[in-house]
Amino acid sequence: MSLAAGARLGPYEIGKLLGAGGMGEVYLARDTRLGRTIAIKVLPPSLSSDPEFRRRFAREALAVSSFSHPNVCALYDVGHQDGTDYLVMEHLEGEPLSSRLKKGPLPLDQIVRFGAEICNALEAAHKRGIVHRDLKPGNIFLTKTGAKLLDFGLATLKAGPSAEEAGEDQKLTRAGMVLGTLHYLAPEQIEGKEADPRTDIFALGIVLYEMSASQAPFTGKSQSAVMAAIVAAEPAPVREIRPELPASLERLIKLCLAKDPDERWQSAHDVALELESAAEPSPEAAQRKSRPRRTGARIAWALIVIVLILAAGAAGFEGSRYWRKPAPPAPWIASVLPPAQAAFDATGFNAAPAAVSPDGRSLVFAASVNGGPSQLWVRPLNSATAHPLAGTQGASYPFWSPDSHSIAFFAGRRLKRIDAAGGAPQTLCAAPHGQGGSWNQSGEIIFSPSSIGPLLEVSAMGGQTKDVTTANESTGLSQRWPWFLPDGRHFLFQSGNPRGASSPADGIYVGSLDSGPARLLLKARSNAIFENGYLLYLQDRTLMAQAFDPRTFTLSGDPERVAQHVAFESGTLHGVFSASSNGVLAYQTSPAPSGTQMVWYDRQGSKLTAMDGSLSYYSSEISPSGKALAVDILEPSTGNVDVWIYNLATGLKTRFTYGASVNLAPVWSPDGSRIAFASNREGYFDLFAKAVGANSDSKLLYRSASNKNPTDWSPDGAYLAFDQRSPQGKSQTDIGLLPTSGTEHKPIMLLGSDADEREGQFCPTGHWIAYTSDETGRDEVYVTSYPQAANRWQVSVAGGASPRWSADGKTLYYLSLSRQMMAAAVIPGVSTFQVEAVQPLFATRASVELMAAPFAVSKDGKRFLINTLPDPNPAPLTLLVHWPTQLRQTAVSGE
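This write-up is about the structure you can find in this document. Keep in mind it's a predicted model, so treat the numbers as computed, not measured.

1. Notes on the pairing of strand 41 (residues 628-635)
Right, on to step 1. Burial runs high along strand 41: seven of the eight residues are buried.
Right, on to step 2. Between the end of strand 40 (residues 616-622) and the start of strand 41, which pair antiparallel, lie five residues, with glycine 626 showing a positive phi angle near 80 degrees.
Right, on to step 3. In the sheet, strand 41 pairs with strand 42 (residues 640-647) via eight bridges, with the strands oriented antiparallel. Residue pairing across strands places alanine 630 opposite isoleucine 645, the latter belonging to strand 42.

2. Let's talk about the nonpolar core
Right, on to step 1. In terms of nonpolar packing, the biggest core is built from 51 residues, with Leu135, Ile140, Met211 and Val271 touching the most fellow members.
Right, on to step 2. Elements represented by at least two residues in this core include exactly helix 3 (97-101), helix 4 (108-127), strand 9 (140-143), strand 10 (146-149), helix 7 (197-213), helix 8 (223-232), helix 10 (247-256) and helix 11 (268-278).
Right, on to step 3. The contact partners of methionine 211, leaving out residues within four places of it in the chain, are Leu97, Leu101, Pro105, Leu106, Gln110, Ile111, Phe114, Gly115 and Arg242.
Right, on to step 4. Residues Leu492, Val562, Val566 and Tyr587 belong to the second largest nonpolar core, which totals 32 residues.

3. Describing the environment of asparagine 139
Right, on to step 1. Of note, asparagine 139 is situated in the loop between strand 8 (130-131) and strand 9.
Right, on to step 2. Of the residues examined, asparagine 139 reaches a relative accessible area of 6% and is grouped as buried.
Right, on to step 3. Through-space distance from the C-alpha of asparagine 139 to that of aspartate 151 is 6.2 Å; in sequence the pair is 12 residues apart.
Right, on to step 4. Other than its neighbours up to four places away in sequence, asparagine 139 contacts His132, Asp134, Lys148, Leu149, Leu150 and Asp151.

4. Looking at helix 8
Right, on to step 1. Every buried residue belonging to helix 8 is among Val226, Ala229 and Ile230, and all of these are buried. Taken end-on, helix 8 shows its buried residues confined to a sector of 100 degrees, consistent with a single buried face. Among the exposed residues of helix 8, those oriented more than 90 degrees off its buried face are Ser224 and Ala232.
Right, on to step 2. Against helix 6 (187-190) and helix 7 lie the buried residues of helix 8.

5. Details of the packing of aromatic side chains
Right, on to step 1. In this structure the tally under the stated criterion is 23 aromatic pairs.
Right, on to step 2. Here tyrosine 813 and phenylalanine 864 contribute two aromatic rings whose centre-to-centre distance is 5.1 Å and whose plane-to-plane angle is 80 degrees, an arrangement assigned as edge-to-face. Separated by 51 residues along the polypeptide, tyrosine 813 in strand 57 (residues 811-815) and phenylalanine 864 in strand 61 (residues 863-868) bring together distant segments of the chain. In terms of burial, tyrosine 813 and phenylalanine 864 fall into one category: buried.
Right, on to step 3. Taken together, the ring pairs in this structure connect Phe484, Phe491, Phe493 and Tyr509 into an aromatic cluster.
Right, on to step 4. Above the ring of phenylalanine 855, the side-chain terminus of arginine 804 is found at 5.7 Å from the ring centroid.
Right, on to step 5. Across the ring face of tryptophan 600, the terminal group of arginine 863 is positioned such that the distance to the ring centre comes to 4.1 Å.

6. Remarks on unusual backbone geometry
Apart from glycine, the bulk of residues carry a negative phi angle, and the bulk of peptide bonds sit in the trans form.
Right, on to step 1. The omega torsion across tyrosine 786 and proline 787 is 5 degrees, close enough to zero to call that bond cis.
Right, on to step 2. We note that arginine 819 has phi near 65 degrees; this positive angle belongs to a residue other than glycine.
Right, on to step 3. Here arginine 819 is to be found in the loop between strand 57 and strand 58 (820-828).

7. Observations concerning the sheet that holds strand 18 (residues 396-400)
Right, on to step 1. Spatially, the four strands line up as an open sheet ordered 18-19-20-21, and their pairing is antiparallel. Each edge of the open sheet is held by one strand with a lone partner, namely strand 18 and strand 21 (426-430). Strand-to-strand twist in this sheet, taken as the mean axis angle between neighbours without regard to direction, amounts to 25 degrees.
Right, on to step 2. Pairing analysis gives four bridges linking strand 20 (residues 414-419) to strand 21, with the strands arranged antiparallel.

8. Here we look at the pattern of salt bridges
Right, on to step 1. All told, the structure shown has 26 salt bridges when counted by the stated rule.
Right, on to step 2. Across the pair lysine 136 and aspartate 134 runs a salt bridge, and its minimum N-O distance is 3.9 Å.
Right, on to step 3. Two residues, glutamate 457 and lysine 466, come together in a salt bridge whose shortest N-O distance is 3.9 Å.
Right, on to step 4. On the basis of relative accessible area, lysine 466 is assigned to the partly exposed category, the value being 48%.
Right, on to step 5. Among the ionic contacts, a cluster of salt bridges with common partners joins Arg413, Asp756, Arg758, Glu759 and Asp779.

9. Focus: the sheet that holds strand 9
Right, on to step 1. Ordered in space as 7-9-10, the three strands form an open sheet in which the pairing is antiparallel. Each having just a single partner strand, strand 7 (94-96) and strand 10 make up the two edges of the open sheet. Taken pair by pair, the neighbouring strands of this sheet meet at an average axis angle of 25 degrees, ignoring direction.
Right, on to step 2. Bridge analysis of strand 7 against strand 9 gives three bridges, and the strand direction is antiparallel. Paired with glutamate 95 across the bridge in strand 9 is leucine 142.
Right, on to step 3. Seen against the sheet, helix 4 touches strand 9 and strand 10 and runs at an angle of roughly 35 degrees to strand 10.

Quick notes on the rules
- Residues numbered from 1 in each chain as written.
- Predicted model: local features only at pLDDT ≥ 70, side-chain atom pairs only at ≥ 80, totals over all residues.
- Heavy atoms only, no water.
- Buried < 20%, exposed > 50% of the residue type's maximum accessible area, 1.4 Å probe, protein only.
- Helix = DSSP H or I, 4+ residues; strand = E, 2+ residues; numbered from the N terminus.
- Pairing = 2+ DSSP bridges.
- Core = buried A, V, L, I, M, F, W, Y, C linked by side-chain atoms within 4.5 Å.
- Contact = heavy atoms within 4.5 Å.
- Arc of directions from axis to C-beta.
- Phe/Tyr/Trp six-rings, centres within 6.5 Å; stacked < 30°, edge-to-face > 60°.
- Lys NZ or Arg CZ within 6 Å of the ring centre and 35° of its normal.
- Axes fitted to C-alpha atoms, helices over the stretch in contact; angles between N-to-C directions.
- Salt bridge = Lys/Arg side-chain N within 4 Å of Asp/Glu carboxyl O.

If you want it as C-alpha cells, here you go:
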C-alpha cells in the first residue's frame, strides 16, 4: 500500500510517489529539520515480512554508506517505523538512462562522459570490495552534474562488519544463484559462478553498447534464448549500426563483452582511460583529414618562398633578415569582471585565486552570487560569459591539467578534479587544508595537503599518496605552492615558517620527483611560477619576473617589475597571479594585504560589532567569566604569531606570549587563571600553559615528535584535549587527552584511527566530548564519552565541523560544510545522549584554518564571535597578454 502525501517517517514528510520497482517504492519527501528535498526509498509492508528482501534492503544501505562518491546517489539516513524500513537518499533531478535511450542513441561526447562517470563510480565501489551485479540503464540516473549510479540491493560485499552479517552475505550471493536483470547478466552469472568486478565490466559493456546503438546486444524470443546469446553469441559490431563512431570505441565495448572474464578489461579504471582516448580522433582519421590540406599547404608555402627569395634579392640581405625575425606582438591589457550579481572570492584563507589554463584560452576563478557560497567558474577568454561548475562549492586554489581539459581543486578537506566543461567532481585523496598543486603531462599531481609538512604526490586518477619532499618539522617548515617545470619531473615550491616570522630556510626551491635534495633558488616569501622563460614571484606585493633556465636551474639578469599592488594573503604567503605558456598573465590587485576580522553576530546573522581592524586572526576563545577573549594574531611587521588578550568591555588588548616562535590556539582553564597554547619554540608544535595576569614563564605540558594544538579544557580542569597530527605532516589527526593535575602528564589517546578526528570540545556538564571526524568521507560532528570513548552519536546532518557547546550543554553549535551556523538541540544525560532537532541559523564567511577555532559563543548563547573572511574582492581580474615583450620597455602598474 502506497504512503499518503503528508505522512511522516521520522522527521521526513512524504510527498508524491516517484516510482516503484521490485525492491520498493521511491517517494519525494522533505526533511523537516533542514527544509530540504530528499528521496525516500521504502520497503513496503508486503515485502517487509520477507527476510530475504529485508536483507537486500539492508545490503543496499550497507553498501552505499561504506563509501562516498559524486557519481553514486548519496545515502543520508536509514530508519524503521511502524513495520516500514526506509532509506533517505539524495534527490536527483533528471532522468534515468533507460528513459533517455528511448529517444535514440547518445552522441559520442555523452557516451564518453557518462561512461567515464559510471566507470569512476564502479571503481570506487570495487575498491571497497563491492560488486554491483545489477548494472543497467534503469539504475543509472542522468543529472545536470553527471551520471549517478543507483540501487546496490544485489551487491556483493567482500567484507561485512560482523561474522553474522558476512554469513548472511554468503547466503544471498552463494554460488549457483542467478541474481540480476536478464539482459545485463554476465556469462558467469548465468552459469551460477561467483561474481567479481569483471562481472560489472560485462554489464558496463552492454550499457555502453546500448548508449551507442540504442539497442540491446543480446536478444531472443525467450529467456533461455537471451541466456544462450549472452553465453555463446557475438553481438553485431557497433559501427555497423553507427559507422561514424570511432573504431577505438567499438574495440573497447568488444573487450568489455568478452565471454571469459580473464579476456575482459580487468578494471573500471582501465575502461575510463580508454573512453577518454575514444573521444580523440583516430590517427587514421586525422591523417585522412590532413592530406588534402597538406598538398594545398605545400603549394602555398612554395609560392611564399619564391616571393620572399625575389624580395630578398631586390632588397638585399638586411631585408631578408627583417622578414625572418618579425617584431614581437605588442602587449595589451584587459579586465575580467565577475558574472552578473556575483563577486570574486579570490583572497583570504580558503581562497580560490584565478588560474589561467596552460593553453591560455580559459580562466577559472571563484565567485559568489548574492553573497551565497562561492564556487568555481570557467570563462573562455574568447567569450563574454563564464559558466559555473556544479559541485565545487567551497573550492580553493584550483589548478589545470596540462591539456587544459580538467581542473583540480581543494574542497571539503579533499583534493578533487572536475572536467572544465562540467560534470561531477571526482575525489582524488585527502587534503585537509590544501595549499596549492600542480599537474604534469604524465598524470602525476604534486600538492600541499596542509600548511604544515611536505609536498605529496598522487595520481590524477586518485589513489595512495607519497611524500615528494622532506619537510623539516623540527624547525617548523612548511612546503607549498608547487609548480611543475617543463620536463614534468622537476618543480618549484615555496618553503617557509608557517604563520611565523622569517626563517633562514625561507625561499623558493627546486625539487624533483626522482629524489635528491631540493635546492634553494631564491629568497622570497611568496608562491612562484615559471612561464615564457621567466620566474614570476612577489616581492612586497610587486610581481617580479626574472629570466630562468629550467634545464640548469639558474637565474640570470635582474628581476623586473611586471605589476604592482598584487593581492597577497600574508597568512598563506600566496599572491593572486597565474600565467600560461603563450604569454597570458592574470592577476588581481588589492589596496592592502588581506586578513580576517573578528565580528560579533546575533542569532539571526545580523552584524553587531567588529574588533580592531582587519588583521590575520586565527583561533579565539572567550574566558569562563565572559569578560576577556584570547586570540592569536599574525603581526604584519614581523610575520610572527602570538596570543593576545582582549578586554571585551574596553576593547583594549595586551600581548600574552612573546618571542620569535609561533604561539597559537589559546584555551582557557575552567577557572580562568591559565591559558594553554601551542608553540613551536622547540621544534614541533608542543603544548604549553601560562598564568594569566602574572609575569610568569610558560610551562611545557607535553612534547612529542608531531605537531599538536590544544582544543579545550574539561570543566573539572582534569584534562586538556588536543589535536595531534600524524608524523610527516600527513592528513590524519587524532584526539588526545592530557591530564593536567599531578606531576606526570602522560596523554590518553581518546580517538585514533585512519580517519581525521579533531576539534574536541568538552560538554560543560561533563561526561561527553564533541568532535569532528571524516570517517564517512566528509566531515561530521559526533559526541562520545570520555576519558574512554564508548558509545557515540552523530549530531550533524549532511556534514559539519567545529562544534561548540552552549554554556548549559543543551545546544551544540557547528558549521555546515557551506559554513552555515547550525544549532543542534541535545540532551546530555549521565550515561545516555540524545539529539533532538537540528536547525540552520545563518550563513557565515568563517575562516576555517588548521589549528584554529573559527568561532566562539557568548555565555548567554545569543551572540557569536566569528573569525570572518574579507568580503569578496571588488577589483576585476587583470589580463596582460604578451607580457614578456614589455618587460624592458615599461612597468605595468596595477593601480
